[in-house]
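# Descriptive analysis of the structure
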Amino acid sequence: MTLDDYNGFCASLPSTTHVVQWGGAHVWKVGGKVFAIGGWNDGDGLFVTFKCSEMAYDILKEQPGLRPAPYLASRGMKWIQRQTGESMDADALKDYLRESYRLIVQKLPKAARKELGL
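This report concerns the structure included in the present document. (Residues numbered from 1 in each chain as written. Predicted model: local features only at pLDDT ≥ 70, side-chain atom pairs only at ≥ 80, totals over all residues. Heavy atoms only, no water.)

## Structural notes on the overall build of the protein chain
Check the secondary structure of the protein chain and you find four helices and six strands. Ordered by position from N to C terminus, the α and β elements of the protein chain give α-β-β-β-β-α-β-β-α-α. The principal-axis extent of the C-alpha atoms belonging to the protein chain is close to 40 × 30 × 25 Å. Sorting the 118 residues of the protein chain into buried and exposed places 38% on the buried side. Across the protein chain, the fraction of contacts at a sequence separation of at least 24, relative to all contacts at a separation of at least 6, is 44%. Total accessible area on the protein chain is roughly 6,700 Å²; 51% of this is exposed by carbon and sulfur atoms. (Helix = DSSP H or I, 4+ residues; strand = E, 2+ residues; numbered from the N terminus. Buried < 20%, exposed > 50% of the residue type's maximum accessible area, 1.4 Å probe, protein only. Contact = heavy atoms within 4.5 Å. Areas by Shrake-Rupley, 256 points an atom, 1.4 Å probe, with all protein chains shown as cover.)

## A short note on the side chain of Thr49
Within the secondary structure, Thr49 sits in strand E4 (residues 46-51). At a separation of 3.3 Å, a polar atom in the side chain of Thr49 contacts the side chain of Gln81. With sequence-adjacent residues up to four places away left out, Thr49 is seen in contact with Phe35, Ala36, Ile37, Ala69, Leu72, Trp79, Ile80 and Gln81. (Polar contact = N/O pair within 3.5 Å; in protein donor to acceptor, adjacent residues only side chain to side chain.)

## Section: the sheet that holds strand E3 (residues 33-40)
Taking strand neighbours across the sheet as the criterion, the six strands line up as E1-E2-E3-E4-E6-E5 in an open arrangement whose pairing is antiparallel. Each edge of the open sheet carries a strand with a single partner, namely strand E1 (16-21) and strand E5 (66-68). With strand direction ignored, the average angle separating the axes of adjacent strands in the sheet is 20°. Across the face of the sheet, helix H3 (residues 90-107) comes into contact with E1, strand E2 (25-30), E3, E4 and strand E6 (79-82) while running at roughly 40° to E4. (Pairing = 2+ DSSP bridges. Axes fitted to C-alpha atoms, helices over the stretch in contact; angles between N-to-C directions.)

## Examining unusual backbone geometry
Positive phi outside glycine occurs at Ser15, with the angle close to 60°. Here Ser15 shows up in the loop between helix H1 (3-12) and E1. In this structure Ser15 comes out as partly exposed when scored by relative accessible area, which is 30%. The backbone of Trp22 sits at a positive phi, close to 55°, despite the residue not being glycine.

## Observations regarding H3
The end-to-end C-alpha distance of H3, which contains 18 residues, comes to 26 Å, matching closely the 26 Å that a straight helix rising 1.5 Å per residue would cover. Looking only at H3, the buried set comprises Leu93, Leu97, Ser100, Tyr101, Leu103, Ile104 and Val105. Of the residues that open H3, the one with a side-chain oxygen 3.2 Å from the backbone nitrogen of Asp91 is Asp89. (Expected span 1.5 Å × (residues − 1).)

## Some words on the nonpolar core
Residues Tyr6, Phe35, Phe50 and Leu97 are the most contacted members of the largest nonpolar core, which totals 25 residues. Those elements that provide at least two residues to this core are H1, E2, E3, E4, helix H2 (54-60) and H3. The leading source of residues in this core is H3, at five residues. Core analysis: the next-biggest nonpolar cluster, separate from the first, contains six residues, Ala25, Val27, Val34 and Ile37 among them. (Core = buried A, V, L, I, M, F, W, Y, C linked by side-chain atoms within 4.5 Å.)

Everything listed is a geometric property; what it means functionally is a separate question.
The following block contains the structure:
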């Protein structure tokens with residue numbers, strides 16, 4: 001997945017916003033809450049970080065090319081960083097990004113969801 005593919009996919013989800021922050025990371029939010037972070041590792045490849053369920057986290061953290069997300073997972077949050085497509089191709093990554101988006105939307109207050117049309 002390229003940066004353009006990542007940004008295009010995240011932009012296709014309803015009521016999302018995009019900001020470049022934290023040293024050039026492409027951060028996608030819904031209702032002001034982060035659901036995906038895309039960035040580079042020394043200019044090599046695109047790393048994508050996303051929220052997941054506890055069960056998915058337990059499985060994914062052991063797969064090649066994936067790891068607990070730096071900073072987030074160390075604070076007990078269930079976030080995975082995809083470093084390579086070795087265990088997760090672009091289609092699977094899109095599925096996990098959709099699920100991350102859904103998990104964040106689900107936690108938004110009812111009034112915020114209504115305001116966003118979600």
